[in-house]
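# Structural description and commentary
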2 protein chains.
Amino acid sequence: MSLPEFEHIKLARLQSRVRPHLDAMQAALDRLTASDIALADEVGGHVRRGQGKLFRPTLLFLSAMNDGGVPAAAIEAAAAVELVHTATLVHDDFIDDAKTRRGLPTVNARYGPSTALIMGDLLYTRALQHLARLNLALPLQLMTDAAVLMSEAEIIQVQTRYRLDVDEETYLRIIYQKTASLIECACRIGASFLPDGAAVDGVFEQFGRQTGLVFQITDDIFDYLGDPRRLGKPTGRDWEEGRVTLPLIAAWREAGEADRRDLAALAGSRDPAARAASWPRVQAFVEAHRGVEYAYDRARRYGDEAKRALADLPDGPRRDLLRTAVEYVINRLN
Amino acid sequence: MSLPEFEHIKLARLQSRVRPHLDAMQAALDRLTASDIALADEVGGHVRRGQGKLFRPTLLFLSAMNDGGVPAAAIEAAAAVELVHTATLVHDDFIDDAKTRRGLPTVNARYGPSTALIMGDLLYTRALQHLARLNLALPLQLMTDAAVLMSEAEIIQVQTRYRLDVDEETYLRIIYQKTASLIECACRIGASFLPDGAAVDGVFEQFGRQTGLVFQITDDIFDYLGDPRRLGKPTGRDWEEGRVTLPLIAAWREAGEADRRDLAALAGSRDPAARAASWPRVQAFVEAHRGVEYAYDRARRYGDEAKRALADLPDGPRRDLLRTAVEYVINRLN
């Protein structure tokens, strides 16, 4: 059995515990992405076909579980979280000018920039409308907070693009806001449905935040190492598009002046072809200064913190499953 | 005194009745468009400098007024409505590739498409976050409903772009969703703060919707006649960009087969320069078949319906001011 298959089975086992909820959520998602407007319905279907692993709804349900069940409102809230995630991907793919996502053309590549912008807006607003109509006040607060943080992160990324002097603190702010905030939001929304939701909110905030940081750091490492789950997926996209992530930040910190000068010369170009051509030298730089090892170490520490946050929860299957979830994210790096 | 000056004074007189509320709202808007992120703060300032006439907040306050005062929450809700309006303009200017708005470069022209997309998202989500934090459940429902309708309208516009066979019903759906829905939303949010808010909701729904239709139809007429308030503003933008509006729809309905064939030949081109070159012939077509007269007649009828809706309100200054507001919109056409 290959590593990707093994990982897939681990996630599937985790999700089997919340399968009926995921299925019910899927029905809600189908409704929310359908439309009486032909073009919106078509793009909605395209987006559904490219759907991901449902990691955020899975965490939401694991957080909300009480004697194995979750309230009906949690199903609807999970659909809204996943829909917001989808909307951000549609907009991100426009910003990054990405051609494919999960083997399908992006909305931007297939339907053009105007439709990508509008469909992102439509999915975003549908998700928030759904929560508003159901009068889910606390989920709405958490979700709009996360939405603001995610938009801000995109602006910071535009502002710091191509800059080699991005420090670890700025990097952490970016990945917290763009990725961890929505994962934290999913966990807190889930926990808000528990009878003792307010009391354990801090646990889920910590758990979600740290898990989200691990999630993004591992993704950023994959861009250097290649992702074992997606063999053949090209590396170096972040470098090519001017995003400086933790492996490079750490390597830069360790490098001597001569090495830094060489790298700075490569970083001066904004031409994608030139940047792609310099990618092997960037990889060598990061390897020489052990940038991936540093990033991996940080990811493991955040993972440990996520598990430590769970210590304040009562013993039981929920705690075990959440621990498994964070181990799944860490072990993507094997 | 020129007509634009006269109109300006009429709006100013109307707004003098809600001036303290508009000023308080301006302070809220300044806070909501400021940011600790340099680029977001800069673009926020750019957007504030290009601010419009505050027509939606004015209507919201006129709807909310009770003995001349409005509750503090109405000020915050008005800021959110204006901010959503601003966000849609930032995205619209990207979709239309507009170069200037109110004498300033658009965000898209000045900062590029990625920043326009992200800043629109940020302003949108800040507005909704603001309502969610203040726990304004009903305004949030009304606002997210309007936001969905506005996004859908953009998709319908993409879908019907360049098509001469758009009928009046489709046109009315588009302008209701893209323009009237937010004006209706502003009026209903305002009225929701009244002690008898639920009882008069239907009045403000009707009033806001019809006023919004008048607003957009008059705007569409300006694109044929030129807008007397903005002398020298070029006409024909809608035609150039493939948007078929009421004057053309009405003229098309009246035209004979030969005239239609001539126009259809012009409409076949999607090249902006070719479309700009054919604009005088489109104007002549609309004039020959009295398209503007038809649109003007419809606008007046919707204006009458808006005023009729007010009949169900008690006598008093609020009713008079709302009547003046709809007359202001109609009289922009003089």
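Fair warning: this is a prediction, and the values are worked out from it, not measured in the lab. (Residues numbered from 1 in each chain as written. Chains lettered and ligands numbered in written order. Predicted model: local features only at pLDDT ≥ 70, side-chain atom pairs only at ≥ 80, totals over all residues.)

Further remarks concern the overall build of chain A. Within chain A, the regular secondary structure consists of 16 helices and two strands. On C-alpha atoms alone, chain A measures out to a radius of gyration of 20 Å, which is about the 20 Å that the 2.2 N^0.38 rule sets for 334 residues. Overall, the C-alpha framework of chain A stretches about 60 × 50 × 40 Å when taken along its three principal axes. For chain A, the proportion of its 334 residues judged to be buried stands at 47%. Pairs at least 24 apart in sequence give 75% of the contacts found in chain A among residues at least 6 apart. (Helix = DSSP H or I, 4+ residues; strand = E, 2+ residues; numbered from the N terminus. Rg over C-alpha atoms; globule rule 2.2 N^0.38 Å. Buried ≥ 20, exposed ≤ 12 C-beta atoms within 10 Å, placed from the backbone. Contact = placed C-beta atoms within 7 Å.)

Attention now goes to the relation of the copies chain B and chain A. The two copies are related by a screw operation: chain B maps onto chain A through 180 degrees of rotation and 0.0 Å of translation along the axis, at an RMSD of 0.0 Å. Viewed as a symmetry operation, the transformation between the two copies matches a two-fold axis. Most of the interface of chain B is mirrored in chain A, where 100% of its interface residues are also at the interface. (Least-squares fit on C-alpha atoms with pLDDT ≥ 70 in both.)

On to the confidence of the model for chain A, then. Per-chain confidence: chain A averages 94 in pLDDT, with 95% of residues scoring 70 or above. Taken over the whole predicted complex, pTM reads 0.95, whereas the ipTM for its chain interfaces reads 0.95. (pLDDT = per-residue confidence, 0-100.)

Let's shift gears to the nonpolar core. If you look at the biggest cluster of nonpolar residues, it comprises 200 residues, and the most contacted ones within it are A:Leu60 and B:Leu60. When near neighbours in sequence (up to four residues on either side) are disregarded, B:Leu60 contacts B:Ala74, B:Ala77, B:Ala78, B:Val81, B:Ala186, B:Cys187, B:Ile189 and B:Gly190. (Core = buried A, V, L, I, M, F, W, Y, C linked by C-beta atoms within 7 Å.)

Packed helix pairs are specified by the crossing angle of their axes together with the interaxial distance, meaning the distance between the axes. Residues and elements named next belong to chain B. Look at helix H9 (residues 168-192) against helix H10 (residues 197-225): their axes get within 7 Å of each other, and the N-to-C directions meet at 145 degrees. As for the relative orientation of H9 and H10, their crossing is right-handed in sense. Here the contact of H9 with H10 is composed, by residue class, of 13 nonpolar, seven polar and five charged. (Axes fitted to C-alpha atoms, helices over the stretch in contact; angles between N-to-C directions. Left-handed = near helix turned anticlockwise from the far one by under 90°. Nonpolar A, V, L, I, M, F, W, Y, C, P; charged D, E, K, R; others polar.)

Okay, unusual backbone geometry next. Of note in the backbone geometry, A:Asn135 takes a positive phi value of approximately 60 degrees without being a glycine. Within the secondary structure, A:Asn135 is located in the loop between helix H7 (113-133) and helix H8 (137-160). In this model, B:Leu54 sits at a positive phi of 60 degrees, which is unusual for a non-glycine residue. For B:Leu54, the location among the structural elements is in the loop between helix H3 (38-49) and helix H4 (55-64).

We now examine the interface of chain B and chain A. Counting residues at the interface gives 35 residues for chain B, matched by 35 residues for chain A. When residues of the side of chain B that touches chain A are traced back to their parent elements, those giving at least two are H3, helix H5 (72-95), helix H7 (113-133) and helix H8 (137-160) of chain B. Among the elements that line the side of chain B that touches chain A, the one with the most residues is H8(B), at 14 residues. Across the side of chain B that touches chain A, the residue classes break down as 19 nonpolar, 10 polar and six charged.

The next thing to look at is helix H15 (residues 291-309) of chain A. All names here are of chain A. In a regular helix each residue adds 1.5 Å, so 19 residues correspond to 27 Å; H15 covers 27 Å between its end C-alpha atoms and thus fits that length. Residues Gly 291, Val 292, Ala 295, Ala 299, Tyr 302, Gly 303, Ala 306 and Ala 309 constitute the buried set of H15. Along H15, the residues classed as buried sweep out an arc of 115 degrees about the axis, all on the same side. Summarising the contacts, the buried residues of H15 are in contact with helix H10 (197-225), helix H12 (246-254), helix H14 (272-288) and helix H16 (317-331). (Expected span 1.5 Å × (residues − 1). Arc of directions from axis to C-beta.)

A few words now on the environment of A:Gln177. Residue and element names in this part refer to chain A. Tracing the chain through its elements places Gln 177 in helix H9 (residues 168-192). Residue class for Gln 177 comes out buried when judged on the 21 C-beta atoms lying within 10 Å of it. Spatially, the C-alpha atoms of Gln 177 and His 289 are 27 Å apart, while their sequence positions differ by 112 residues. In contact with Gln 177, other than residues within four places in its own chain, are Leu 149, Met 150, Glu 152 and Ala 153.

With that settled, the discussion passes to helix H2 (residues 19-33) of chain A. Residue and element names in this part refer to chain A. Along its 15 residues, H2 runs 21 Å from first to last C-alpha, staying within 8% of the 21 Å computed at 1.5 Å per residue. Listing the buried residues of H2 in full gives His 21, Met 25, Leu 29, Leu 32 and Thr 33. Viewed along the axis of H2, the buried residues span an arc of 100 degrees, placing them on a single side of the element. Exposed residues pointing more than 90 degrees away from the buried face of H2 are listed as Arg 19, Asp 23, Ala 27 and Arg 31. Looking at the packing, one finds that the buried side of H2 touches helix H3 (38-49), helix H4 (55-64), helix H5 (72-95) and H7.

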